[in-house]
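Observations on the three-dimensional arrangement
Here is how the chains run, residue by residue.
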Amino acid sequence: MIASPDRTPLPRAFFDRPVLDVAPDLLGRILVRSTPDGPIALRLTEVEAYDGPNDPGSHAYRGQTARNSVMFGEPGHVYVYFTYGMWHCMNLVCGPVGRASAVLLRAGEIVEGAELARVRRLSAKNDKELAKGPARLATALDVGRALDGTDACAEGETPLRMLTGTPIPSDQVRNGPRTGVAGEGGDGDVHPWRFWVANDPTVSPYRAHVPKRRRG
């Protein structure tokens, strides 16, 4: 008999650690999105670590801005950014205040509320594709900039909350280069900071960064 995932909320202390400790430990955890139509729960299967001032791939590498200010705040909060003029991506802030590290939530399995996610992800061919990629994950959970700064460790009602779930055994965790990151930050030998569950069908395909070509 398989035990049900632990529904205990993750404490803030879980996130108040180095990002490279938090990132692989998030695999198998449950993210719950509360909506007016009901909850959507997602089991994390793929994440990427970003280490602030030590990481040229991080939004916080060159310091604090209005866009990334949440990353410099309390661990356990949600950092949401808008990209390519059309998509949102969701991160969880880690480490001490002022450290500006975060984990990008790249993919997961919808384990509750799939019918709500399907309405937002009409192009998904099946449920395994509902949250297969960071923009798809945010879309399936209806996460936008309005949720930037949300405390995923808050007591009481909160639109986003992280639960203990069922952690993935270390021998089932894989790591490699981050997807679509340019320059040194995309070097898998230097920053092999993408972590995923081995052989999980909801994990997104790896894509290296492709420089944009100038026209004319």
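Report follows, based on the coordinates.

Our focus in this paragraph is unusual backbone geometry. As a rule of thumb, non-glycine residues mostly have phi less than zero, and peptide bonds are mostly trans rather than cis. In this structure, A100 takes a positive phi of about 60° despite not being glycine. Within the secondary structure, A100 sits in the loop between β5 (87-94) and β6 (101-112). Phi angles above zero are rare outside glycine, and N199 is one such case at about 65°. Looking at the element boundaries, N199 is found in the segment after β9 (194-197). A relative accessible area of 80% means that N199 is categorised as exposed.

Take the nonpolar core next. Within the largest apolar cluster, 43 residues are counted, with the highest numbers of intra-cluster contacts made by F15, L26, V103, L105, I110 and M162. Of the residues forming this core, the biggest block, five residues, is contributed by strand β3 (residues 38-50). Contact partners of V103, with chain neighbours within four places excluded, come to V19, V22, A23, L26, V47, E48, M90, N91, L92 and C94. Ranked by size, the runner-up nonpolar core spans 13 residues in total, among them A60, V70, Y81 and L104.

This part is about the layout of surface pockets. One water molecule sets the probe size; rolling that probe over the atoms shows where empty space is left. Taken as a whole, the largest pocket spans an internal volume of roughly 1100 Å³. Around the largest pocket, the lining comprises 36 residues; the ones closest to its centre are Y84, C89, R106, P134 and T179. Of all elements in the fold, only β3, β4 (78-83), β5, β6 and α4 (134-140) reach the threshold of two or more residues within the lining of the largest pocket. Tallying contributions element by element places α4 first for the lining of the largest pocket, with four residues. Residues belonging to the lining of the largest pocket are distributed by class as follows: 16 nonpolar, eleven polar and nine charged.

What follows covers the environment of Y81. For Y81, the location among the structural elements is in strand β4. When the C-alpha positions of Y81 and T139 are compared, they lie 13 Å apart, and in sequence the two are 58 residues distant. If near-sequence neighbours (up to four positions away) are discounted, Y81 is found in contact with H59, R67, W87, H88, C89, N91, L104 and R145.

Basis of the calculations
- Residues numbered from 1 in each chain as written.
- Predicted model: local features only at pLDDT ≥ 70, side-chain atom pairs only at ≥ 80, totals over all residues.
- Heavy atoms only, no water.
- Helix = DSSP H or I, 4+ residues; strand = E, 2+ residues; numbered from the N terminus.
- Buried < 20%, exposed > 50% of the residue type's maximum accessible area, 1.4 Å probe, protein only.
- Core = buried A, V, L, I, M, F, W, Y, C linked by side-chain atoms within 4.5 Å.
- Contact = heavy atoms within 4.5 Å.
- 1 Å grid on protein atoms, 1.4 Å probe; cavity = no way out; pocket = protein on both sides within 12 Å on 5 of 7 lines; lining within 4 Å.
- Points joined across faces, edges and corners; volume = space filled by probe spheres on them.
- Nonpolar A, V, L, I, M, F, W, Y, C, P; charged D, E, K, R; others polar.

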